[in-house]
Amino acid sequence: MKIFLSLRTLSFLCCLLFTASNLASESHASVTLQEFQYFCDEHSITIDIEGNYTTNSTYHTNLNTLMSNILNNKEIDYGFYNVSYGEYPNRVYAIGLCRGDIKPEQCRTCLNQSRANLTAVCPNRKVAIGWYNDELCMLRYSNRSIFHLMDNGPAYYKKSDKNATDLNEFNTKLNDLLNGLKSKASSGDSRLKYAVGNFSLPNFDDVYGLVQCTPDLSGEDCDNCIAQSIERISKDCCKDSMGGRVVRPSCFMRFETSYQFYGPTAYTPPSPPAPQPTTTSVTNPSSGGKSHTPVLVIAITVPIVAVTMFMFIFIRSRYLRKRKQRKSSSKDDNTEDMEIVESLQFNLESIRDATNDFSDANKLGQGGFGAVYK
């Protein structure tokens, strides 16, 4: 009897392990009791030995180190992590993204739960992605670079069980709302690409919408990703439904009727404090450590006055030196003229001898000042 019970127990355990193994290797989204959606691979990667890592291997160690770095990083306060760790071929890349209205502590708690879920449902997988608690956060890791790339899959859709009544008006207003949010989110910066809004229906019900991209995407890629999600509404996602969502690795779109599923405002990290001007205060030991503003003013004013006085004296001295040079040059010119004039003056006796006592024979003519002799 004891042997029979042991065999039955062993058989039950084998079946349980087999079921868990199949669950972990599924490539479609699964829902756990914790509202956890996940994929253990990507469509572009074949599930083979290259997609797995062994326990305590270099890849496993790098993955654990990378996850710890994300969860312990207090410097990032805007809900987006894109980090890598290790060397090829064991380098690990990871992205952590929280919804735009989530604060840092809540974000890290969500990512920590996602990490625990992923390692449980995707054991030894090099590639995995999961969304926790109604897409409150997303955690993704891979053995290839996933930064700045728009990945549309793997994706999953959800919709409400209730359908809209006035389909034409509902669909038109919903399309306008989501396209407006798409433009707003795609114009965001490298920290946040997120937008929310709502519109009212004739029966006073409000419809709330949300779109978000991983902020490492370019504005164009974010726009394209959300546009493709909006296109799915009228096809295989949530046609005529009063609520629905399209969730992709690079973007997320959701709308609901009658209840606001997101926070009232987007969380924005506080701006760094403005740098304060550096001032030097002089403290008098006898004044109990009080600073004296007049001393500070004098310390600033005196150098300015000194520089101004120096410039005035310098300019004044140059002006006087040039003026003196001009006067000296003018005096030299006058002296030369005087010497020339003096050299042309003769005494009366010399003139009498030269003109033969003013003889008419030496007279040349009459000028304005009298007779002219040779």
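These figures come from a predicted structure and were not determined experimentally.

Cut-offs and rules
- Residues numbered from 1 in each chain as written.
- Predicted model: local features only at pLDDT ≥ 70, side-chain atom pairs only at ≥ 80, totals over all residues.
- Heavy atoms only, no water.
- Helix = DSSP H or I, 4+ residues; strand = E, 2+ residues; numbered from the N terminus.
- Buried < 20%, exposed > 50% of the residue type's maximum accessible area, 1.4 Å probe, protein only.
- Disulfide = S-S within 2.5 Å.
- pLDDT = per-residue confidence, 0-100.
- Contact = heavy atoms within 4.5 Å.
- Salt bridge = Lys/Arg side-chain N within 4 Å of Asp/Glu carboxyl O.
- Expected span 1.5 Å × (residues − 1).
- Arc of directions from axis to C-beta.
- Pairing = 2+ DSSP bridges.
- Axes fitted to C-alpha atoms, helices over the stretch in contact; angles between N-to-C directions.
- Parallel < 35°, antiparallel > 145°, perpendicular 65-115°, else oblique.
- Left-handed = near helix turned anticlockwise from the far one by under 90°.
- Nonpolar A, V, L, I, M, F, W, Y, C, P; charged D, E, K, R; others polar.
- Phe/Tyr/Trp six-rings, centres within 6.5 Å; stacked < 30°, edge-to-face > 60°.

Comments concerning the environment of Asp-236
Thinking step 1. Positionally, Asp-236 belongs in helix 5 (residues 219–237).
Thinking step 2. By relative accessible area, which is 42% here, Asp-236 ends up partly exposed.
Thinking step 3. Sequence-wise, Asp-236 and Lys-159 are 77 residues apart; in three dimensions their C-alpha atoms are separated by 10.0 Å.

Considering the state of the cysteines
Thinking step 1. Counted according to the given criterion, the structure contains six disulfides.
Thinking step 2. Across the disulfide, Cys-213 is cross-linked to Cys-222 (sulfur-sulfur distance 2.1 Å). Handedness here is read from the sign of the S-S torsion; for Cys-213 and Cys-222, about 85°, the answer is right-handed. For the residue pair Cys-213 and Cys-222, the accessibility class agrees, reading buried in each case.
Thinking step 3. Cysteine pairing for the chain (bonded cysteines numbered in sequence order): 1-5, 2-3, 4-6, 7-8, 9-12, 10-11.

Observations regarding the confidence of the model for the chain
Detailed reading of the predicted coordinates is not advisable wherever pLDDT falls low.
Thinking step 1. Confidence in the prediction of the chain, expressed as mean pLDDT, is 76, and 64% of residues score 70 or more.
Thinking step 2. Looking over the chain, one finds the lowest element-wise mean pLDDT in helix 1 (residues 2–24), namely 37, and the highest in strand 3 (residues 92–98), namely 97.
Thinking step 3. Every residue in residues 273–298 is under pLDDT 50, and counting partners more than four places away or in other chains gives 13 contacts.
Thinking step 4. The model gives residues 335–344 a pLDDT under 50, and that stretch makes zero contacts with residues more than four places away or in other chains.

Quick word on the pattern of salt bridges
Thinking step 1. In the structure shown here, the tally under the stated rule is 12 salt bridges.
Thinking step 2. Across the pair Arg-99 and Asp-101 runs a salt bridge whose closest N-O atoms are separated by 2.9 Å. Note on accessibility: Arg-99 and Asp-101 belong to one class, buried.
Thinking step 3. Notably, a salt bridge pairs Asp-151 with Arg-140, separated by 2.5 Å at the nearest N-O pair. Pair noted here: Asp-151 is in the loop between strand 5 (137–142) and strand 6 (156–159) and Arg-140 is in strand 5, with a separation of 11 residues, a long-range link.
Thinking step 4. Owing to a relative accessible area of 3%, Arg-140 belongs among the buried residues under this scheme.

Structural notes on helix 4 (residues 167–186)
For an α-helix, the turn length of 3.6 residues means that residues three or four places apart are oriented alike.
Thinking step 1. The end-to-end C-alpha distance of helix 4 is 28 Å, a good match for the 28 Å that 20 residues give at a rise of 1.5 Å each.
Thinking step 2. All of the buried residues in helix 4 are Phe-170, Leu-174, Leu-177, Leu-178, Leu-181, Lys-182, Ala-185 and Ser-186. Projected onto a plane normal to the axis of helix 4, the buried residues spread over an arc of 150° and lie on a single side. When the buried face of helix 4 is taken as reference, the exposed residues oriented beyond 90 degrees from it are Asn-168, Asp-176 and Lys-184.

Overview of the pairing of strand 5
Thinking step 1. The buried fraction of strand 5 is high, at six of six residues.
Thinking step 2. Residues of strand 5 alternate between two faces, with Cys-137, Leu-139 and Tyr-141 on one and Met-138, Arg-140 and Ser-142 on the opposite face, all of them buried.
Thinking step 3. Pairing between strand 3 and strand 5: six bridges, direction antiparallel. Opposite Cys-98, over in strand 5, you have Cys-137 as the bridge partner.
Thinking step 4. Note that strand 4 (residues 128–132) and strand 5 share five bridges and pair antiparallel. When the sheet's bridge partners are listed, Ala-128 is paired in strand 5 with Tyr-141.
Thinking step 5. Here strand 4 folds back onto strand 5, and the loop between the two strands holds four residues, one of which, Asn-133, carries a positive phi near 55°.

Topic: the packing of helix 2 (residues 58–71) against helix 3 (residues 104–121)
Thinking step 1. Remark: helix 2 packs on helix 3, axes separated minimally by 10 Å, with the N-to-C direction vectors making an angle of 160°. Relative to helix 3, helix 2 is oriented roughly antiparallel. At the point where helix 2 passes helix 3, the crossing takes the left-handed sense. Across the interface between the two elements, Asn-64, Met-67, Ser-68, Ile-70 and Leu-71 of helix 2 pack against Arg-108, Leu-111, Asn-112 and Arg-115 of helix 3.
Thinking step 2. The class makeup of the residues in the contact of helix 2 with helix 3 is four nonpolar, three polar and two charged.

Some points on the sheet that holds strand 1 (residues 36–39)
Thinking step 1. The strand order across the open sheet formed by five strands is 1-4-5-3-2, and the pairing between neighbours is antiparallel. Whereas interior strands pair on both sides, the edge strands pair on one side only; in this sheet they are strand 1 and strand 2 (80–85). Taking each pair of neighbouring strands and ignoring which way they run, the sheet shows an average axis angle of 10°.
Thinking step 2. The strands that helix 3 touches are strand 1, strand 2, strand 3, strand 4 and strand 5; relative to strand 5, the one it contacts most, it runs at about 50°.

A few points about the packing of aromatic side chains
Thinking step 1. Scanning the entire structure with this criterion turns up 10 aromatic pairs.
Thinking step 2. Between Trp-131 and Tyr-156 the ring centres are 5.3 Å apart and the planes differ by 75°, which places this aromatic pair in the edge-to-face class. You can see Trp-131 sitting in strand 4 and its partner Tyr-156 sitting in strand 6, a full 25 residues away along the chain. An identical accessibility class is assigned to Trp-131 and Tyr-156; each is buried.
Thinking step 3. Judged by centre distance (6.2 Å) and plane angle (75°), the ring pair of Tyr-208 and Tyr-262 falls under edge-to-face. Of the two residues, Tyr-208 sits in strand 8 (residues 206–213) while Tyr-262 sits in the loop between strand 10 (251–257) and helix 6 (293–343), which places them 54 residues apart along the sequence.
Thinking step 4. Judged by relative accessible area, Tyr-208 falls into the buried class, the value being 12%.
Thinking step 5. Relative accessible area serves as the criterion here: at 8%, Tyr-262 is assigned to the buried category.
Thinking step 6. Aromatic ring contacts, followed pair by pair, group Phe-36, Tyr-38 and Tyr-132 into a single cluster.

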